[in-house]
Amino acid sequence: MTTPEPTQQKIYQVSELNQKARMLLESEFLNVWISGEISNLVKATSGHWYFSLKDNKAQIKGAMFRGNNRNVRAQVENGTQVLVRGRLSLYEPRGDYQLIVELMEPAGEGLLKQEFEALKNNLLQMGLFDQSSKQAIPVEPKRVGLVTSPTGAAVHDILTVLQRRSPQTEVIIYPTMVQGKQAADNIMWAINTANVRKEVDVLIVGRGGGSLEDLWCFNDEGLAHTIFNSAIPIISAVGHEVDVSISDFVADLRAPTPSAAAEIVSTDNSELVTKVRNLHSRLIRAYAHQHQANKNQQNQLKRSLALLHPSYQLQLAQQKNDELQIALHRAMTQTLKNAKQREHLCRERLNGLSPKHELTAAKQRMAYASSSLPKLMQSIIANNNRKFVSMAEKLNIVSPLATLTRGYSITTNEQGNVISDSKQVKKGEVVNIRLANGELNAKITDR
């Protein structure tokens, strides 16, 4: 076997090789989770941490820079079991293979969080978090169910809030464990019991604050399905506001604390008083608006009625009656005038005839004419009277006086002018009211 000459292969500089190795490591191992024990920990004055992660067989160097380690909540020292996430790299000046750590958690809590994320993603894919499946929380439930420990701080906080805000709300407690291996089964049993009894309008499921391990029973997959399948709306109130559990995602509503859940299902009595006052104000405004609308409609009707008022019709009839009387007077005057003219002509013709017989005949004709004239006048007058009576009867049919007999009246001022508009009179003025039988004098007190 022959060994190739150096000139036949790529010859690396040390720095070049370390650089290539670093790039290969960082490109292949970008997101690595490692569990191990901290050793050789050095916290530099720059704020960076340098350490080794080891198990019983091997170790790897690690570095966690100040921008990442400031978010570590746990106390880190030599011997601490941790779960870290980071990327593999190589420190080129020394060729040291190392892990650049971006996240560090205590080993137990870190594993639980990994398990939490895995269960969360699984349930998300199954549709247990869909908003379309959420039930509406009753606005003013009459009876509230509590699935929690009967001796814990959560039940005390909930009862205190309900007693203060809505003492009329009934509470039924379904006692259960809220910590430990049997807690998830206990909580599922309590929720199923409430669904069988159907005695509450909404359920509050939760407990007070604690560590991730203390709250772990609320991250149970079986409990998640039980909450999802509950026919009763469920509010999840687990721990403090910063605590998040699987039950928070599955429940119909998440409350940051048990006390907040109690406020959600209760209505402050002061709010009810404010609501009643607002409704009263709205009622008063609606009544005033309707009253004004009715008043406007009444005024409109008055204006329309004025165009058909009996006084207007009476004025028309009176004018027509006056015209008929004038025409009758003219006819009678003209008839008398004509008669006198004929008499005058007769006298002139008589004077023009000198013979006696003509005179006698004329006298006879004159006598006859004289005797016939009153009858003719009486006949003419009688005929005109009949016409007048006929016209008066026709006029009476449309006369406003007939209208007065049906309950209407005619109001005139002191000058005798008919009043058809309230603006024609002033307060304190005396008016005459003509009725079907008699007249009344009235003094205007308001208009």
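Whatever comes next refers back to the structure up there.
Residues numbered from 1 in each chain as written. Predicted model: local features only at pLDDT ≥ 70, side-chain atom pairs only at ≥ 80, totals over all residues. Heavy atoms only, no water.

Colleague: Honestly, the overall build of the protein chain in this entry has me stumped. Any pointers?
Modeller: The helix and strand tally for the protein chain stands at 12 helices and 13 strands. When burial is assessed residue by residue, the protein chain has 31% of its 447 residues classed as buried. When contacts within the protein chain are restricted to residue pairs at least 6 apart in sequence, those whose partners lie at least 24 apart make up 62%. When the accessible surface of the protein chain is split by element, carbon and sulfur atoms take 53% of a total near 29400 Å². (Helix = DSSP H or I, 4+ residues; strand = E, 2+ residues; numbered from the N terminus. Buried < 20%, exposed > 50% of the residue type's maximum accessible area, 1.4 Å probe, protein only. Contact = heavy atoms within 4.5 Å. Areas by Shrake-Rupley, 256 points an atom, 1.4 Å probe, with all protein chains shown as cover.)

Colleague: Is there a simple way to think about the nonpolar core in this case?
Modeller: Proteins that are soluble and globular tend to have nonpolar side chains buried together. Judged by nonpolar contacts, the single largest core of 31 residues is most densely connected at Val147, Ile187, Ile191, Leu203 and Phe218. Those elements giving two or more residues to this core turn out to be helix H3 (107-126), helix H5 (183-197), strand E8 (202-207), helix H6 (221-229), strand E9 (234-238) and helix H7 (246-250). Per element, the largest residue contribution to this core is 7 residues, and it comes from H5. In this structure Leu203 touches Gly145, Val147, Tyr174, Ile191, Ala194, Ile232, Pro233, Ile234 and Ile235, once residues within four positions along its chain are discounted. Among the nonpolar cores identified, the runner-up in size contains 17 residues, and Leu25, Leu41, Trp49 and Val82 belong to it. (Core = buried A, V, L, I, M, F, W, Y, C linked by side-chain atoms within 4.5 Å.)

Colleague: Just to check I follow, could you spell out the sheet that holds strand E6 (residues 143-148) for this structure?
Modeller: Within a sheet, each strand pairs with its neighbour through backbone hydrogen bonds, oriented either parallel or antiparallel. One open sheet holds the 5 strands; their spatial order is E7-E6-E8-E9-E10, and the pairing between them is parallel. Edge positions in the sheet fall to strand E7 (170-175) and strand E10 (253-254), since each has one partner strand and no second. Direction of pairing for E6 relative to E7: parallel, over a ladder of 6 bridges. Opposite Leu146, over in E7, you have Ile173 as the bridge partner. Contacts from helix H4 (residues 153-165) reach E6, E7 and E8, with the element oriented near 165° to E6. The sheet strands contacting H5 are E6, E7, E8 and E9, and the helix crosses E8 at an angle near 170°. (Pairing = 2+ DSSP bridges. Axes fitted to C-alpha atoms, helices over the stretch in contact; angles between N-to-C directions.)

Colleague: Please explain H5 as it appears in this structure.
Modeller: In a regular helix each residue adds 1.5 Å, so 15 residues correspond to 21 Å; H5 covers 21 Å between its end C-alpha atoms and thus fits that length. Looking only at H5, the buried set comprises Ala183, Ala184, Ile187, Met188, Ala190, Ile191, Thr193, Ala194 and Asn195. If you follow the buried residues of H5, they end up packed against E6, E7, E8, H6 and E9. Taken from the residues just after H5, Lys198 is the one with a positive phi, measuring 55°. (Expected span 1.5 Å × (residues − 1).)

Colleague: Even after reading the chapter, I still don't get the environment of Ser399, so can you show me in this structure?
Modeller: In this structure, Ser399 sits in the loop between helix H11 (356-397) and helix H12 (400-404). Judged by relative accessible area, Ser399 falls into the buried class, the value being 11%. In this structure, the C-alpha to C-alpha distance between Ser399 and Asn321, residues 78 residues apart in sequence, is 9.3 Å.

Colleague: Help me understand the pattern of salt bridges in this model?
Modeller: A side chain of one charge can pair with a side chain of the opposite charge when the charged atoms of the two come close. Scanning all chains against the criterion turns up 8 salt bridges. The partner of Arg143 in a salt bridge is Glu170, and the shortest N-O contact between them spans 3.1 Å. Of this pair, Arg143 sits in strand E6 while Glu170 sits in strand E7, and the two are 27 residues apart along the sequence. The partner of Arg254 in a salt bridge is Asp248, with the nearest N and O atoms 3.2 Å apart. On the accessibility criterion, Asp248 (6% relative accessible area) is buried. (Salt bridge = Lys/Arg side-chain N within 4 Å of Asp/Glu carboxyl O.)

Colleague: What is the right way to look at the sheet that holds strand E13 (residues 439-443) in this model?
Modeller: Across the sheet, which stays open at both edges, the 3 strands sit in the order E11-E12-E13 with antiparallel pairing between neighbours. Looking at strand neighbours, the two that pair on one side only are strand E11 (410-412) and E13, the edges of this open sheet. On average, adjacent strands in this sheet sit at an angle of 25° to one another, irrespective of strand direction. One ladder, built from 3 bridges, connects E11 with strand E12 (residues 430-434); its direction is antiparallel. Its bridge partner lying in E12, Thr411 is registered against Ile433.

Colleague: Just to check I follow, could you spell out the packing of aromatic side chains for this structure?
Modeller: Centre-to-centre distance and the angle between the planes together describe a pair of aromatic rings. One pass over the structure, following the stated rule, counts 1 aromatic pair. Measuring from centroid to centroid gives 5.3 Å for Phe129 and Phe249, while their planes differ by 35°, and the two rings are tilted. Remark: Phe249 occurs in helix H7 and Phe129 occurs in the loop between H3 and E6; sequence separation between them is 120 residues. With a relative accessible area of 26%, Phe249 lands in the partly exposed category. In this structure, Lys10 packs its charged tip against the face of Tyr12, placed 5.7 Å from the ring centre. (Phe/Tyr/Trp six-rings, centres within 6.5 Å; stacked < 30°, edge-to-face > 60°. Lys NZ or Arg CZ within 6 Å of the ring centre and 35° of its normal.)

Colleague: Would you explain the pairing of strand E2 (residues 49-54) in this entry?
Modeller: On a regular strand, each side chain points to the face opposite its neighbour's, so the side chains alternate between the two faces of the sheet. As judged from the 5 bridges shared by strand E1 (residues 32-43) and E2, these two strands associate in the antiparallel manner. Looking at the pairing, Lys43 lines up with Trp49 of E2. Counted between consecutive antiparallel strands, the loop separating E1 from E2 contains 5 residues, among which Gly47 sits at a positive phi close to 100°. Relative to strand E3 (residues 59-64), E2 is paired through 6 bridges, and the arrangement is antiparallel. Bridge pairing in E3 links Tyr50 to Ala63. Counting the residues between successive antiparallel strands, the hairpin from E2 to E3 contains 4 residues.

Function cannot be inferred from these measures alone, as they are strictly geometric.
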